[in-house]
Amino acid sequence: MRLAEAFERRPLLIAYICAGDPRPRATVEIAELLARAGADVVELGLPHSDPIADGPVIQAAAQRAIEAGMNTDVYFEAASKIRANVPLVFMGYYNMIFRRGLDRFAKDCADSGITGLIVPDLPPEEAGPLRAACRKAGVDLISLIAPNTPIERIPLIAENSSGFLYLVARSGVTGARADLQESTKALIERVKTPLPKAVGFGISTPEQAAEVIRAGADAAIVGSACVDLISRGDLAGLEELIRGMKAAIGEARPI
Amino acid sequence: MKITDASMKRFGRFGGQFVPETLMQPLKELAEAYGRLKVDPQFRGELSALLSNYAGRPTPLYLAKSLSRELSRKVYLKREDLLHGGAHKLNNVLGQALVAKAMGKTRLIAETGAGQHGVASAMVGANLGLDTEVYMGEVDIERQKMNVYRMELLGARVIPVRSGSRTLKDAINEAMRDWAGSYETTHYLMGTVAGPHPYPLMVRELQSVIGTEAREQILNAEGRLPDAVAACVGGGSNAMGIFSGFLRDEATKLIAVEAGGRGTSSGEKIADHGACLNLGEDGVLHGAMTRILQDPYGQILESYSLAAGLDYPGVGPELAHLVEVGRVTPAIADDGAALEGFSRLSVLEGIIPALESAHAVGFALKNPEALGEIAIINLSGRGDKDLATVMDHEGRGGR
Ligand SMILES: Cc1ncc(COP(=O)(O)O)c(C=O)c1O
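Residues numbered from 1 in each chain as written. Chains lettered and ligands numbered in written order. Predicted model: local features only at pLDDT ≥ 70, side-chain atom pairs only at ≥ 80, totals over all residues. Heavy atoms only, no water.

1. Some details on the packing of aromatic side chains
For clarity, the cut-off: Centres within 6.5 Å are what make two rings of Phe, Tyr or Trp a pair, Trp counting through its six-membered ring; a difference in plane orientation under 30 degrees is then read as stacked, over 60 as edge-to-face, and the rest as tilted. Strands are runs of DSSP state E lasting at least two residues, helices are runs of H or I lasting at least four, and both sets are numbered from the N terminus onward. Burial here depends on accessible area, computed with a 1.4 Å probe over protein chains only, as a share of the maximum for the residue type. Under 20% is buried, over 50% is exposed, and the range in between is partly exposed.
Under the criterion given, the structure shown has eleven aromatic pairs over all chains. An angle of 80° between the planes, with centres 5.4 Å apart, marks the rings of Y75 of chain A and F76 of chain A as edge-to-face. With centroids separated by 5.8 Å and ring planes inclined at 55°, the aromatic side chains of Y188 of chain B and Y199 of chain B adopt a geometry described as tilted. On the criterion of sequence distance, the pair formed by Y188 of chain B in strand β8 (residues 186–188) and Y199 of chain B in helix α9 (residues 199–222) is long-range, its members being eleven residues apart. Neither Y188 of chain B nor Y199 of chain B differs from the other in exposure class; each is buried. In this structure an aromatic cluster arises from ring pairing among Y75, F76, F90 and F105 of chain A.

Written out as structure tokens, the structure reads:
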């Protein structure tokens, strides 16, 4: 499914997992579990040795996954085996894409059922070549906006994004946070774009997910909280978290 | 030959800003502040006073007579080992710390491998009244205990990094993560010419004082330019610092000596060396496109060198470019050559070089013909910090 199609039924819940954690073979099953529990989009992280945008939880997951044998070939193989009627989105660092070759990587995404890419260390100034490759392969390249992105820079980022816009809820790295900052709400308001807005970084509870939807986001993204449960082997807890979040954003719908 | 364009974010196809969006604004503010300050007479005056009176510049250019006799040519040493703190690192730190102060920052964070950059940061943090926290890999903490103590003595906090390979590369990751959440109060004081723009440019300019002095000194001493200038390369700041004085002197060969470690091969996760200019491939590390050590999928390899300051799987993007266009010649000295340089220079000249700098000396000992008739070796630091490592290596139980 394409992202545009998925966003016809907003608000959405987007769930991130680190592919290959705890084992490469578990990824297909966990992705399908997420979709079954109510995730509308599954973000499949490709683990990198040097994840500079990630906090300790996702760093540790990436390290485990790499040690367990996850690599780019295994990643695409796993992605192509996932049977779930939701869009799959790649999330990963630019060097992994650059190393494989931009065109080849974008085509591998398209061929394995991945419809969009999120590359946290690729600002629009550096994204030209990958954008061209994605366009050729017919996949979306999703840009990120941070709380400290100056207002005059937002159009540059928004115009270079397709699929949706990823609003980073707070400065710093990925990881659960107890509080959702007031600035997140301001950020959602400040960003004017025809693209759907998905908010991530620090969302770990149904209440927080509902809060960003009420503040005007089209989707809530949950990442570290999922990865944390997977690291404890608590798939029942993961299913419960996703169900809880999905229900909470459904109720939050009348904005 | 087009070498570099100082105003650009790139050096040929290398450099750039491959960083999370959260860091784009702090980098822009830093580039603007630095661009403004570097032409500001008051800032320049302050920096130059600190460089002379606190750091001890200019450093001598010393004709190493015994070494010259042994190699049958004139070899000069640029004595950055005599700079306060014992290495060239202070040139960069003083400049960046003054920029940080002018920007209203109250806290410095730095990464360190050998501990020299951490020590320089701690000294300047103390001197200028800035809180200083230094990220250092656990492996490096173990092999550079003395420098850890020095940093603590100077009032800095050393934060052990336990992620990844627990060395310099991971310390940089941690510092970048910290900065993404702390930039409002904090300056990230990067210690070498790597990283995203403006670091490669700014650090090279702050270190260029080495090359400016050396060029003037050699002209005074010899009435002509040297045939070669050799420097060791970790990230590349001492090399770019001295090379920048001679970039336009095309008859002067610029030799970048990288760590050959214990061999030129690579395992699945660990390379046996730190020789990115010689053996690396294009890729992105720490925000820049450069030459890096990586596996076939793009995972960064751990590097290896006996010298902690050369133990880095990336290299400054400008050096990658200068090698590509043929202006800089890459070379390798392995652990053995460095140890040879370490002991020979001690005995011949009464100068104990840092193990990093000893790579440049070791290269010269093995390849004297590459130096021409008159050469300068950049002696980037002194070797006191390395005594335990060398004693260990000799089986004398240094720690
Ligand atoms: C004495 C000395 N020389 C050289 C280096 C390598 O750094 P660079 O290549 O940036 O000069 C270090 C790094 O710690 C050092 O301490």
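Having seen it, we continue.
2. Topic: a nonpolar patch on the surface
Convention followed: To count toward a patch, a residue needs a relative accessible area over 30% and no salt bridge; like charges are then connected within 9 Å, while nonpolar side chains (Val, Leu, Ile, Met, Phe, Trp, Tyr) are connected within 5 Å. Note on areas: these come from Shrake-Rupley sampling with a 1.4 Å probe, and a residue is covered only by the protein chains present in the view. Just to be clear on terms, a salt bridge is a Lys or Arg side-chain nitrogen sitting within 4 Å of an Asp or Glu carboxyl oxygen.
Taken together, the side chains of Y149, L153 and L154 of chain B make up a nonpolar region of the molecular surface, amounting to roughly 320 Å² of accessible area. Relative to the helices and strands, Y149 of chain B resides in helix α7 (residues 145–153).

3. Re helix α5 (residues 116–128) of chain B
Residues and elements named next belong to chain B. Spelled out, the test is: Helix span, as expected, comes to 1.5 Å for every residue beyond the first.
With 13 residues, α5 extends 18 Å from end C-alpha to end C-alpha; this agrees with the ideal 18 Å at 1.5 Å per step. Buried residues of α5: Q116, H117, G118, V119, A120, S121, A122, M123, V124, G125 and L128, and no others. Directly beyond the C-terminal end of α5, a positive phi value near 70° is found at G129.

4. Some details on the interface of chain A and chain B
For the record, the criterion: Throughout, a contact is declared for two residues whenever any of their heavy atoms are within 4.5 Å. By convention, the term buried area covers the 1.4 Å-probe accessible surface removed from two parts as they join, with the contributions of both added. Contacts described as polar in this section are N or O atom pairs within 3.5 Å, which, within protein, must combine one atom able to donate a hydrogen with one able to accept it, while residues neighboring in sequence count only if both atoms come from side chains. Asp, Glu, Lys and Arg are counted as charged, while Ala, Val, Leu, Ile, Met, Phe, Trp, Tyr, Cys and Pro are counted as nonpolar; the rest, among them Gly, fall into the polar class.
Contacts between the two partners involve 39 residues from chain A, matched on the other side by 37 residues from chain B. Each partner contributes to the roughly 3,000 Å² buried at the junction of chain A and chain B, and carbon and sulfur atoms together form 49% of this total. Taken together, the links from chain A to chain B amount to five salt bridges. Across the pair R10 of chain B and E126 of chain A runs a salt bridge whose closest N-O atoms are separated by 2.2 Å. For the pair chain A and chain B, the interface holds 22 residue pairs in polar contact (both at pLDDT 80 or more). Counting residues per element, the ones that place at least two in the side of chain A that touches chain B are α3 (56–67), α4 (72–81), α5 (94–100) and β5 (140–145) of chain A. In terms of residues, the side of chain A that touches chain B owes the most to one element, α5 of chain A, which gives six residues. When its residues are assigned to classes, the side of chain A that touches chain B shows 18 nonpolar, eleven polar and ten charged.

5. Brief notes about the site of the ligand
All names here are of chain B. Formally: The near set for a molecule or strand comprises every residue that places at least one heavy atom within 4 Å of it.
In the neighbourhood of the ligand, 19 residues make up the surrounding shell, with T192, G234, G236, S237 and S380 lying closest. Contact distances for the ligand include 2.6 Å between an oxygen atom and a side-chain N or O atom of T192. Here the ligand has 390 Å² of accessible area as a free molecule, and 97% of this is covered by the chains. Within the residue set of the shell around the ligand, elements represented by two or more residues are β9 (228–233) and α10 (237–243).

6. A closer look at empty space enclosed by the protein
Where we set the bar: Buriedness for pockets is judged along seven lines, at least five of which must meet protein on both sides within 12 Å for an open set on the 1 Å grid over protein atoms alone, while cavities are sets there where a 1.4 Å probe fits but cannot get out, and lining residues have an atom within 4 Å of a point. Grid points are joined across faces, edges and corners, and a volume is the space filled by probe spheres set on the points.
Inspection of the entire model under this criterion finds eleven cavities of 30 Å³ or more. Computed from the structure, the largest cavity encloses a volume of approximately 310 Å³. Around the largest cavity, the lining comprises 29 residues; the ones closest to its centre are H88, K89, G309, L310 and E356 of chain B. Of all the secondary structure elements, the ones that give two or more residues to the lining of the largest cavity are β5 (107–112), α5, α8 (168–182), β9 and α10 of chain B. For the lining of the largest cavity, the residue count by class is nine nonpolar, 16 polar and four charged. Here the second largest cavity defines a volume of roughly 240 Å³. Around the second largest cavity, the lining comprises 29 residues; the ones closest to its centre are Y16, D54, I58, M91 and T174 of chain A. For the lining of the second largest cavity, the secondary-structure elements that each account for two or more residues are β1 (12–18), β2 (41–45), α3, β8 (219–222) and α11 (224–231) of chain A. Looking at the lining of the second largest cavity residue by residue, the class counts come to 17 nonpolar, ten polar and two charged.

7. Points about the sheet that holds strand β7 (residues 157–161) of chain B
The strands making up a sheet associate through hydrogen bonds between their backbones, and the pairing can be parallel or antiparallel. All names here are of chain B. Selection rule: Note on pairing: two strands pair once DSSP finds at least 2 bridges between them. Interaxial angle, 0 to 180 degrees, is taken between N-to-C directions of lines fitted to C-alpha atoms, where a helix line uses only the stretch in contact.
The four strands are arranged β7-β6-β5-β8 in an open sheet whose pairing can be described as parallel. The sheet is open, and its two borders are formed by β7 and β8, each paired with just one other strand. Ignoring strand direction, the axes of neighbouring strands in this sheet form an average angle of 25°. Pairing analysis gives three bridges linking β5 to β8, with the strands arranged parallel. If you follow R107 over to β8, its bridge partner there is T186.

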